[in-house]
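Chains, contacts and geometry: an overview
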Amino acid sequence: MIKTVAWEKDRVILIDQTKLPAEKTYVICEDYETVAEAIKTMIVRGAPAIGVAAAMGIALGALHSTASTYGAFKEQFETICHAFAQTRPTAVNLFWAIDHMKGLVIVHGDKGVEELKSLLKNEAVRMGEEDIAINRRMGAMGNELIPDGARILTHCNAGALATAGYGTALGVIRAAHEAGKSIEVFACETRPFLQGARLTAWELKESGIPVTVITDGMAGYAMCKKQLSLVITGADCICSNGDVANKIGTYGLAVLAREHRIPFYVAAPLSTINPACGKGEGVSIEERDRTEVTHIAGQRVAPEGVDVWNPAFDITPSKYISAIITEKGVVTKPYKRNLGKLRTKSR
Ligand code: MRU
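Below is a short write-up of the structure. These numbers come from a predicted model, not from an experiment.

It is worth spelling out the packing of helix α1 (residues 32-40) against helix α3 (residues 70-85) at this point. Angle between the axes and distance between the axes: these two values describe a pair of packed helices. Across the interface, α1 lies against α3 with an axial gap of 9 Å and an inter-helix angle of 15°. For the element pair α1 / α3, the angle class is roughly parallel. α3 is crossed by α1, and the crossing has right-handed handedness. Counting all contacts with α1, which are made through Tyr32, Val35, Ala36 and Ile39, the residues of α3 involved are Thr79, Ile80, Ala83 and Phe84. Class assignment for the residues of the contact of α1 with α3 results in seven nonpolar, one polar and no charged.

Here you go:
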């Protein structure tokens, strides 16, 4: 299995996703600043992977703390957490992981600094392992929705690379493949960062799952001509009313799927739900550098001086979503009530 993020000899190891598929190299992070920078620059990306990387980065920063009292440790710890909170704004799993680590330090306020350091380290490692287990559970639940012979459209990368391993949307696809179903995947290239063409296509090919890459603009025609059975994506933030923030282009696919009467599924762990965010308008959408749009592989393709808008995510209103697959169950409408019930049940 691909190792996206790992804790090894008190260092955080990340596969460099900016180099894939041409090169399989790893970035070795000896300090928390390198991990935070890796999140910012998309060396590690994908909401659950960002969450796990942040937890490990926080644990790494804490490990190097020079504090000898709880108060001094907490102050340094908060600086570290703040650095991670500034990396990327949309993936809820990042803030979920930061809050989780902060909670530990508060609850264990009676412990010594050395004990806190090892608590944080063990917890970060556990979170990575748990993420894989969650994805496998999600895969098993989502598999029930995948018919044998399915032709599946996906967008961006919601695979092993976007998580600690196995994947969310690709986890469901993997589970169907492992169950012996004959499936075929269409992967949108996902401009401008090309997560679909570079990462999803690579992962699926490595796993022996048939994949066809299309440009984003071909999705509608693919729905007309390729007898697609369903669309499945991951999510960066799920609001309490079921609106979903995911990679730019997802909204268009959901509208097209409705027109073509194709089910549109979202697969994401409960840590992607932000109960404090009532609806899509409340999600903070990251806007990325203009050169991602004006250039392809370092080559300028748009004229100098042209205006550029580069939102990295969009919002899919819940009315277009046929079901949300989580590790605790498959949720359908009405989302506000059913997501709420699921969260209460899981506490
Ligand atoms: O900008 P990225 O690559 O971090 O965004 C990731 C996505 O939006 C994925 O599509 C995904 O569904 C969320 S992570 C499983």
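Once that is clear, we can look at the sheet that holds strand β3 (residues 26-29). The three strands lie next to each other as β1-β2-β3, forming an open sheet whose pairing is antiparallel. In this open sheet, the two edge strands, each paired with only one partner strand, are β1 (5-8) and β3. For this sheet, the mean inter-axis angle between neighbouring strands, taken without regard to orientation, is 25°. The sheet contact formed by β1 and strand β2 (residues 11-15) spans four bridges and is antiparallel.

In this structure, Val12, Leu14, Phe73, Phe77, Phe84, Met101 and Leu120 are the most contacted members of the largest nonpolar core, which totals 44 residues. When residues of this core are traced back to their parent elements, those giving at least two are β1, β2, β3, α1, α2 (47-63), α3, α4 (92-107) and α5 (113-143). The greatest single-element share of this core, amounting to twelve residues, is contributed by α2. Once residues within four sequence positions are removed from consideration, Phe77 is found in contact with Ile58, Ala62, Met101, Lys102, Val105 and Leu120. Core analysis: the second largest hydrophobic core is formed by 28 residues, Ala222, Ala268, Ile324 and Leu342 among them.

Attention now moves to the side chain of Thr294. Within the secondary structure layout, Thr294 lies in helix α10 (residues 291-294). Of the residues examined, Thr294 reaches a relative accessible area of 4% and is grouped as buried. Apart from the residues lying within four places of it in its own chain, the contact partners of Thr294 are Gln299, Arg300, Val301, Ala302 and Val308.

Turning to the site of the ligand, a few remarks are in order. Taken together, the neighbourhood of the ligand is formed by 18 residues, with Arg45, Arg88, Asp236, Asn246 and Lys247 sitting nearest. Gly234 has a polar backbone atom sitting 3.5 Å from an oxygen atom of the ligand. One of the side-chain nitrogen or oxygen atoms of Lys247 is found 2.7 Å away from an oxygen atom of the ligand. Starting from 410 Å² of accessible surface for the ligand in isolation, the protein chains cover 100%. Among the elements of the structure, α2 and β9 (244-247) are those that each provide at least two residues to the shell around the ligand. Of the residues belonging to the shell around the ligand, the class tally is eight nonpolar, six polar and four charged.

The sheet built from seven strands is open, its strands ordered β6-β5-β4-β7-β10-β15-β16 with mixed pairing. Single-partner strands in this sheet number two, and they are β6 (211-214) and β16 (329-331). Between one strand axis and the next, the sheet turns by 25° as a mean value, whatever way the strands run. Pairing of strand β15 (residues 323-326) with β16, which is carried by three bridges, proceeds in the antiparallel orientation. Bridged to Thr326 within β16 is Gly329. Contacts from helix α6 (residues 169-178) reach β4 (151-154), β5 (184-188), β7 (230-233), β10 (264-267) and β15 within the one sheet, and its direction differs from that of β7 by about 130°.

Before going further, it helps to spend a moment on the packing of aromatic side chains. Geometrically, a pair of aromatic rings is defined through the distance of the ring centres and the angle of the planes. Under the criterion given, the structure shown has three aromatic pairs. Directly above the ring of Phe193 sits Arg288, whose terminal nitrogen or CZ lies 5.9 Å from the centroid.

Note the cis peptide between Arg191 and Pro192, where omega equals 5°. The topology assignment puts Pro192 in the loop between β5 and α7 (195-206). Cis geometry is found at the peptide bond from Lys333 to Pro334, where omega equals -5°. Within the fold, Pro334 resides in the loop between β16 and α11 (335-346). Of note in this structure, Arg261 is not a glycine but carries a positive phi near 55°. Along the chain, Arg261 turns up in the loop between α9 (250-259) and β10. Owing to a relative accessible area of 75%, Arg261 belongs among the exposed residues under this scheme. Residues other than glycine seldom take positive phi values, yet Ala297 does so here, at roughly 45°. Here Ala297 is to be found in the loop between β12 (295-296) and β13 (299-300). On the basis of relative accessible area, Ala297 is assigned to the exposed category, the value being 78%.

Cut-off values and rules
Residues numbered from 1 in each chain as written. Predicted model: local features only at pLDDT ≥ 70, side-chain atom pairs only at ≥ 80, totals over all residues. Heavy atoms only, no water. Axes fitted to C-alpha atoms, helices over the stretch in contact; angles between N-to-C directions. Helix = DSSP H or I, 4+ residues; strand = E, 2+ residues; numbered from the N terminus. Parallel < 35°, antiparallel > 145°, perpendicular 65-115°, else oblique. Left-handed = near helix turned anticlockwise from the far one by under 90°. Contact = heavy atoms within 4.5 Å. Nonpolar A, V, L, I, M, F, W, Y, C, P; charged D, E, K, R; others polar. Pairing = 2+ DSSP bridges. Core = buried A, V, L, I, M, F, W, Y, C linked by side-chain atoms within 4.5 Å. Buried < 20%, exposed > 50% of the residue type's maximum accessible area, 1.4 Å probe, protein only. Near = heavy atom within 4 Å. Polar contact = N/O pair within 3.5 Å; in protein donor to acceptor, adjacent residues only side chain to side chain. Areas by Shrake-Rupley, 256 points an atom, 1.4 Å probe, with all protein chains shown as cover. Phe/Tyr/Trp six-rings, centres within 6.5 Å; stacked < 30°, edge-to-face > 60°. Lys NZ or Arg CZ within 6 Å of the ring centre and 35° of its normal.

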